[in-house]
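# Coordinate inspection notes
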Amino acid sequence: MSSYPCERLRPVRIHHLNCGTCCPVGGRLFDGYSRGISGHLVCHCLLIETNDGLVLVDTGYGNQDVTRPRERLSDFFLALNRPQLRTEETAVAQIRRLGFAPADVRHIVVTHLDFDHAGGIEDFPNARIHVTAREKEVADQRRGGAFVSRKRYRPQQWDEAANWSLYPFGGGERWFGFDAVRDLDGLPPEILLIPLAGHTWGHAGIAVQEDDGRWLFYAGDAYFHHGEMNGARRTCPPGLRGYQRLMQVDADARMANQRRVRALSTDHADAVRIFCAHDLIEFEAMAGLS
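Residues numbered from 1 in each chain as written. Predicted model: local features only at pLDDT ≥ 70, side-chain atom pairs only at ≥ 80, totals over all residues. Heavy atoms only, no water.

## Re the sheet that holds strand 5 (residues 128-132)
What the 6 strands build is an open sheet, ordered 1-2-3-4-5-6; its pairing is mixed. Pairing within the sheet leaves two strands with one partner each, and these edge strands are strand 1 (13-18) and strand 6 (164-167). Averaged over neighbouring strand pairs, the angle between their axes works out to 20 degrees when direction is ignored. Seen against the sheet, helix 7 (residues 133-141) touches strand 5 and strand 6 and runs at an angle of roughly 95 degrees to strand 5. Sitting on the sheet, helix 11 (residues 280-289) is in contact with strand 1 and strand 2 (44-50), with an inclination near 145 degrees to strand 1. (Pairing = 2+ DSSP bridges. Helix = DSSP H or I, 4+ residues; strand = E, 2+ residues; numbered from the N terminus. Axes fitted to C-alpha atoms, helices over the stretch in contact; angles between N-to-C directions. Contact = heavy atoms within 4.5 Å.)

Shown next as structure tokens:
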């Protein structure tokens, strides 16, 4: 399998990957539709083909999480989220099935460094990792809530990664009224980092412009359920409402940013398609369009 031909121009193509299925106890109390005892959540990631190689947006769970879960993940979240940890769902396995090699992944853009977003970083040792400087600082020190921060951030998932590009949080150019970090190191200008604090101190969304000029906006964990978007009223199953409160570091910032994303979803629906990290309905809709 040859490496990605970065010298040859190719049209941008976006693949939607589920890099981790979780089945928390609670059924429809968590996802709004499951009839059994278990809910169904995904780890929605993007794989973007560019003329400079592959870009992975978030990584879900990685190979080492699958083979050594007790060493890599906290018992608390293993019990709460019940991740299925399937080798075939790792980003590296799916990338191989698409005909690429792990070395073809030149860049990883991370919304934040929670265990279910950063677990696959070390599966791509040649990649440069892009994240806000604020998120990296807080994650390294495992700050942001004494109990949750010790469980959510797992430095063993990224401590062997050497190539980091860190970006200021806020104060950048504007994108539909949001601060935006443009000109990410080595990436095309159509990929932007959008600060969205609240879930974590350095949490960000990722905006990607498609060939037709429309935007995809991956909001990460700024919200968790499709009912929180595309309307004036917010609806969310009680299990997910509780989980969002458990994981937030700043309730006011999280809710303010969620309102802004919801307004974007209604006011600019013709220009921007929005989705989050864990909603199965959104994932299936986006994967069907890719």
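Let us keep going from here.
## Quick notes on unusual backbone geometry
Unlike most non-glycine residues, Asp183 shows phi in positive territory, near 55 degrees. In this structure, Asn230 takes a positive phi of about 65 degrees despite not being glycine. For Asn230, the position within the fold is in the loop between strand 11 (215-218) and helix 9 (238-247).

## Description of empty space enclosed by the protein
Applying the stated rule across the entire model yields 4 cavities of 30 Å³ or more. The calculated volume of the largest cavity comes to roughly 80 Å³. Lining the largest cavity, in full, are Cys22, Pro24, Phe30, Leu41, Val42, Asn81, Asp116, Phe224, Tyr243 and His278. The residue inventory of the lining of the largest cavity, partitioned by class, reads 7 nonpolar, 2 polar and 1 charged. (1 Å grid on protein atoms, 1.4 Å probe; cavity = no way out; pocket = protein on both sides within 12 Å on 5 of 7 lines; lining within 4 Å. Points joined across faces, edges and corners; volume = space filled by probe spheres on them. Nonpolar A, V, L, I, M, F, W, Y, C, P; charged D, E, K, R; others polar.)

## What about the pattern of salt bridges?
Taken as a whole and judged by the stated rule, the model has 12 salt bridges. Arg72 is the partner of Asp65 in a salt bridge, and the nearest nitrogen-oxygen pair spans 3.0 Å. Relative accessible area serves as the criterion here: at 0%, Asp65 is assigned to the buried category. Exposure remark for Arg72: the relative accessible area of 2% places this residue in the buried category. Among the salt bridges present, the one from Arg174 reaches Asp179, with a minimum N-O distance of 2.3 Å. Judged by relative accessible area, Asp179 falls into the partly exposed class, the value being 23%. One connected set of salt bridges, linked through shared partners, spans Asp65, Arg72 and Glu122. (Salt bridge = Lys/Arg side-chain N within 4 Å of Asp/Glu carboxyl O. Buried < 20%, exposed > 50% of the residue type's maximum accessible area, 1.4 Å probe, protein only.)

Just distances and angles here, no functional claims.
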